[in-house]
Amino acid sequence: MKPVVLLTPHHIASLKPRDREYAVDDPQCPGLRLRILPGGTTSWVIVKRIDGTPRRITLGKWPDLTPDAARAAFYAREATLAPNATVWETRPRTMDYATLSSHFMANRAKHFKPSSIGPFQAYLDAQLLPAFGNRPVGNLTPADIATWFHSYSRHRPGGANQALGHFTTILNWGKAEGHLPHDLPNPASPLRKNRSNARGRMLNFAQIRKLARVLDLVGDRHWLPAQAIRLCLLTGCRKGEILSLRWSDVKPTRLVLREAKTGPREVMLSAPAREAVAKLKARTGHRAFVFPSAKSTSGHLMSIAGSWSAIRTKAGLPPDIRLHDMRHTYASHAILAGESLPTTGKLLGHASPRTTERYAHLDGSALAKAADKVAKEIARMMAD
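Below is a summary of the structure that appears in this document. These figures come from a predicted structure and were not determined experimentally.

Procedures and definitions
- Residues numbered from 1 in each chain as written.
- Predicted model: local features only at pLDDT ≥ 70, side-chain atom pairs only at ≥ 80, totals over all residues.
- Heavy atoms only, no water.
- Helix = DSSP H or I, 4+ residues; strand = E, 2+ residues; numbered from the N terminus.
- Buried < 20%, exposed > 50% of the residue type's maximum accessible area, 1.4 Å probe, protein only.
- Contact = heavy atoms within 4.5 Å.
- Areas by Shrake-Rupley, 256 points an atom, 1.4 Å probe, with all protein chains shown as cover.
- Core = buried A, V, L, I, M, F, W, Y, C linked by side-chain atoms within 4.5 Å.
- Axes fitted to C-alpha atoms, helices over the stretch in contact; angles between N-to-C directions.
- Left-handed = near helix turned anticlockwise from the far one by under 90°.
- Nonpolar A, V, L, I, M, F, W, Y, C, P; charged D, E, K, R; others polar.
- Salt bridge = Lys/Arg side-chain N within 4 Å of Asp/Glu carboxyl O.
- Lys, Arg positive; Asp, Glu negative; His and termini not counted.
- Expected span 1.5 Å × (residues − 1).
- Phe/Tyr/Trp six-rings, centres within 6.5 Å; stacked < 30°, edge-to-face > 60°.
- Parallel < 35°, antiparallel > 145°, perpendicular 65-115°, else oblique.

1. Section: the overall build of the protein chain
- Regarding its fold elements, the protein chain presents 15 helices and 6 strands.
- A burial count over the protein chain gives 41% of its 384 residues as buried.
- In the protein chain, once contacts between residues fewer than 6 apart in sequence are set aside, the share between residues at least 24 apart is 56%.
- Split by element, the accessible area of the protein chain, about 21,600 Å² in all, is 54% carbon and sulfur.

Rendered as structure tokens:
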């Protein structure tokens, strides 16, 4: 596969004129191109068919128009060229975005856990409400959304993707509940999200061994969080699913997760996981929660970030390894061990196979072993 080259200012400056004009596509904004003429003029263009006729629309010249500004101009221009662009001319009378968001969050509070509501509200407070709160929803245009989205994307492309998705979720809910006209177009629909890679990291064999040694030797202060980390690694469960476990949810061979992210599910316990649970039972079995906390209003540990940081440092793990990467590690090693994506997805409680694909990381040692194994097999066949 040909590597993707991003159109950064440094890369654009390195592009040289040729005998004939040529164009370079922007991988971050499909449909936007950089046109380089033999004389050295470089300009941003859109090439598309309008009413069946090929047209080239020039947005501006480089370096007068930066890559970020060109992308914002592209989406704003795309909105005016969209087949339903005239729909916005009617400007239907609607409630403002802040009122719609307030109705949405009140409804969401009835059906979602606080841990799901908090991050959503954070995006509203930090981004969506300051940008659109006092604007009638029917007056928002793709150009408005594009300007905000690309400004936010310069600093946090992943956060911009999340916030854009939340904008659409609220809009669609408003239409479904009758707060907005059912045929109101979504002004965010012409925008494409920023390209992103899976954030997760997989611990390799050596790192797992180092972590295991630290978990075995940890002192009383970090003992309970260390056992939570161990269970995350041995079961692939999320941190919240482990920390909120009740002893009534722990069966001889499985865990019964009643409030998992994708709904109730059961997690099978391997022999090492059962051994870890037995040690916890001896220490906290007289309490309702597996990981009790007298300081927490919930009755169980809510955060073990401090312990994780200390344990990670002592194990010599990179500082960007997250506790959630225990789940990535469990999934990736399941795939390395030969388990199929559907089976691994079942172990993790995924609703979609595409979610599981993000966990299929391969470290260098695993790839080397695989290459050696394949080469030996091919050599054997060649010798037969």
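2. A few points about the nonpolar core
- Counting residues in each nonpolar core, the largest one holds 44 residues, and the members touching the most others are Trp-44, Tyr-97, Phe-132, Ile-145, Trp-148 and Phe-167.
- Breaking this core down by element, the ones donating at least two residues are β1 (22-25), β2 (32-36), β3 (42-50), α2 (67-81), α3 (97-111), α4 (114-132), α5 (142-153) and α6 (157-176).
- If one sorts the elements of this core by residue count, α6 sits on top with 7 residues.
- Among residues more than four places away in sequence, those in contact with Phe-167 are Tyr-97, Leu-128, Phe-132, Leu-140, Ile-145, Asn-186, Pro-187 and Ala-188.

3. Points about the packing of helix α7 (residues 205-217) against helix α8 (residues 220-235)
- Their axes nearest at 10 Å, the elements α7 and α8 cross at an angle of 145 degrees. Where α7 crosses over α8, the two elements pack in a sense that is left-handed. Together, Ile-208, Leu-211, Leu-215 and Asp-216 of α7 and Ala-226, Gln-227, Ile-229, Arg-230 and Leu-233 of α8 make up the contact between the two elements.
- In terms of residue class, the contact of α7 with α8 is built from 6 nonpolar, 1 polar and 2 charged.

4. Structural notes on the pattern of salt bridges
- With the rule as written, the count across this model stands at 12 salt bridges.
- In this structure, Asp-144 engages Arg-135 in a salt bridge whose closest nitrogen and oxygen atoms are separated by 3.0 Å.
- Taking relative accessible area as the criterion, Arg-135 reaches 28% and is therefore assigned partly exposed.
- Across the pair Arg-322 and Asp-325 runs a salt bridge, and its minimum N-O distance is 3.1 Å.
- On the basis of relative accessibility, which here comes to 21%, the residue Arg-322 falls in the partly exposed class.
- The network of salt bridges with shared partners includes Asp-26, Asp-68, Arg-71 and Arg-154.

5. Brief notes about the side chain of Arg-312
- Structurally, the position occupied by Arg-312 is in helix α11 (residues 305-314).
- Asp-320 is the oppositely charged side chain nearest to the buried, salt-bridge-free Arg-312, at an N-O distance of 7.3 Å.
- Residue contacts for Arg-312: discarding those within four places in its chain leaves Leu-317, Pro-318, Pro-319 and Ile-321.

6. A short note on α5
- Compared with the 16 Å implied by 1.5 Å per residue over 12 residues, the 16 Å span of α5 between its first and last C-alpha is a close match.
- Taken as a whole, α5 has its buried residues at Pro-142, Ile-145, Ala-146, Trp-148, Phe-149, His-150, Tyr-152 and Ser-153.

7. Some details on the side chain of Gln-227
- Along the chain, the position of Gln-227 falls in helix α8.
- The exposure class of Gln-227 is buried, given its relative accessible area of 4%.

8. Section: the packing of aromatic side chains
- Within the structure shown, the criterion is met by 8 aromatic pairs.
- With a centroid separation of 5.3 Å and an interplanar angle of 15 degrees, the aromatic rings of Tyr-97 and Phe-167 are classed as stacked. Remark: Phe-167 occurs in helix α6 and Tyr-97 occurs in helix α3; sequence separation between them is 70 residues.
- Judged by relative accessible area, which is 0%, Phe-167 ranks as buried.

9. Thoughts on the environment of Pro-292
- On the secondary structure map, Pro-292 appears in the loop between α10 (271-284) and α11.
- Sequence separation of Pro-292 and Leu-224 is 68 residues, and the distance between their C-alpha atoms is 8.9 Å.
- Not counting the four nearest positions on each side in its chain, Pro-292 is found in contact with Leu-224, Thr-284, Arg-287, Gly-299, His-300 and Leu-301.

10. Considering the packing of α8 against helix α12 (residues 325-336)
- One can describe the packing of α8 onto α12 by two numbers: an axis separation of 7 Å at closest approach and a directional angle of 30 degrees. Here α8 lies roughly parallel to α12, going by the angle between them. As α8 runs across α12, the sense of the crossing is right-handed. Contacts between α8 and α12 involve Ile-229, Cys-232, Leu-233, Leu-234 and Thr-235 on the former and, on the latter, Met-326, Thr-329 and Tyr-330.
- Tallied by class, the residues present in the contact of α8 with α12 amount to 6 nonpolar, 2 polar and no charged.

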